[in-house]
Amino acid sequence: MSQRITAVVAADLSGAIGKRGGLPWHLPDDLRFFMRYTTGKPVLMGRKTFDSIGCKPLKNRLNLVLSTRPIDVDGIEWVSTVEQALQRSRDEPELIVAGGAGIYALLEPLITDVRMTRIHTRIHEADTFFPISLPGGGWTLMERELHGMDERHAYEFDFEWWSRSTPLG
Ligand SMILES: NC(=O)c1ccc[n+]([C@@H]2O[C@H](COP(=O)([O-])OP(=O)(O)OC[C@H]3O[C@@H](n4cnc5c(N)ncnc54)[C@H](OP(=O)(O)O)[C@@H]3O)[C@@H](O)[C@H]2O)c1
């Protein structure tokens, strides 16, 4: 079975994904998309992203947290290498790479798909950026759906699905 490895990310028009250890926006329908898309799938995240979500597991998912130091939290499986994460999830058809920047960069050669929420703004003083350039590098845009601005969403954004048939590496 060939496994899909999907990065799920929200980024602004400059590729910013984070600021001061958190998300620089609050977009409920994007969070809903993340929850819906990743439920039931193994999710790999870096320790700082794990901190940013309150050091708690996401429900109904295998939570793999990458860190150089052991993590002892119910519902979390600590992994110390990418190879361990791949081994742990190898029987699943899709592994979710949930960031942050360090983890997207580590997995980049293996990533087959990117589910990108592209937010139509440029965040001032963002400090964390998505390391994969889209388009380019053999990436094809499979789908794009616009979500408008409204009283709950301060920005317009697109849900984009990018895919490449031959990941590097
Ligand atoms: N917009 C989005 O979609 C999105 C998604 C995710 C995160 N974010 C944002 O991104 C920021 C966090 O991202 P980040 O890049 O700073 O941190 P990160 O990638 O979440 O975590 C980095 C940590 O992962 C561990 N790690 C990284 N490489 C490793 C390796 N080769 N072996 C073992 N452990 C390794 C280390 O943990 P230890 O230090 O414990 O060893 C490292 O400090 C936050 O602002 C967050 O809100 C945004």
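Here, the structure is the one placed above.
Residues numbered from 1 in each chain as written. Predicted model: local features only at pLDDT ≥ 70, side-chain atom pairs only at ≥ 80, totals over all residues. Heavy atoms only, no water.

Chemist: Even after reading the chapter, I still don't get the side chain of threonine 38, so can you show me in this structure?
Modeler: Its place among the elements puts threonine 38 in helix α1 (residues 28-38). Among the residues examined, threonine 38 registers a relative accessible area of 0% and is labelled buried. With sequence-adjacent residues up to four places away left out, threonine 38 is seen in contact with Val8, Val43, Arg61 and Ile96. (Helix = DSSP H or I, 4+ residues; strand = E, 2+ residues; numbered from the N terminus. Buried < 20%, exposed > 50% of the residue type's maximum accessible area, 1.4 Å probe, protein only. Contact = heavy atoms within 4.5 Å.)

Chemist: Just checking my understanding: could you explain the environment of alanine 7 for this structure?
Modeler: Within the element layout of this structure, alanine 7 appears in strand β1 (residues 4-12). With a relative accessible area of 0%, alanine 7 lands in the buried category. Separated by 108 residues in the primary sequence, alanine 7 and arginine 115 have C-alpha atoms spaced 6.1 Å apart. Ignoring anything within four residues of it in the chain, the contact list for alanine 7 reads Val97, Tyr104, Ile111, Asp113, Val114, Arg115 and Phe130.

Chemist: Help me out: how do you make sense of the packing of aromatic side chains in this one?
Modeler: The geometry of an aromatic ring pair is captured by two quantities: the separation of the ring centres and the angle between the planes. A full pass over the atoms with the stated rule returns four aromatic pairs. For the ring pair phenylalanine 33 and tyrosine 37, a centre distance of 5.7 Å and an interplane angle of 20° mean the geometry is stacked. Taken as a pair, phenylalanine 33 and tyrosine 37 lie in helix α1 at a separation of four residues, close to a single helical turn. Assigned by exposure class, phenylalanine 33 and tyrosine 37 land together as buried. Site record: aromatic cluster; members linked through ring pairs are Phe33, Tyr37, Phe157 and Phe159. Above the plane of the ring of tyrosine 37 lies lysine 41, whose end atom (NZ or CZ) is 3.7 Å from the centre. Looking at arginine 115, its charged tip hangs above the ring of tryptophan 161, at a distance of 4.2 Å from the centre. (Phe/Tyr/Trp six-rings, centres within 6.5 Å; stacked < 30°, edge-to-face > 60°. Lys NZ or Arg CZ within 6 Å of the ring centre and 35° of its normal.)

Chemist: How should I be thinking about the layout of surface pockets in this particular structure?
Modeler: A water-sized probe, rolled over the atoms, reveals where empty space remains. There is about 890 Å³ of room inside the largest pocket. The wall of the largest pocket is formed by 34 residues, among which Leu23, Thr49, Ser52, Ala98 and Gly100 lie closest to the centre. Looking at the lining of the largest pocket residue by residue, the classes come out as 17 nonpolar, eleven polar and six charged. In this structure, the second largest pocket spans a volume of roughly 160 Å³. (1 Å grid on protein atoms, 1.4 Å probe; cavity = no way out; pocket = protein on both sides within 12 Å on 5 of 7 lines; lining within 4 Å. Points joined across faces, edges and corners; volume = space filled by probe spheres on them. Nonpolar A, V, L, I, M, F, W, Y, C, P; charged D, E, K, R; others polar.)

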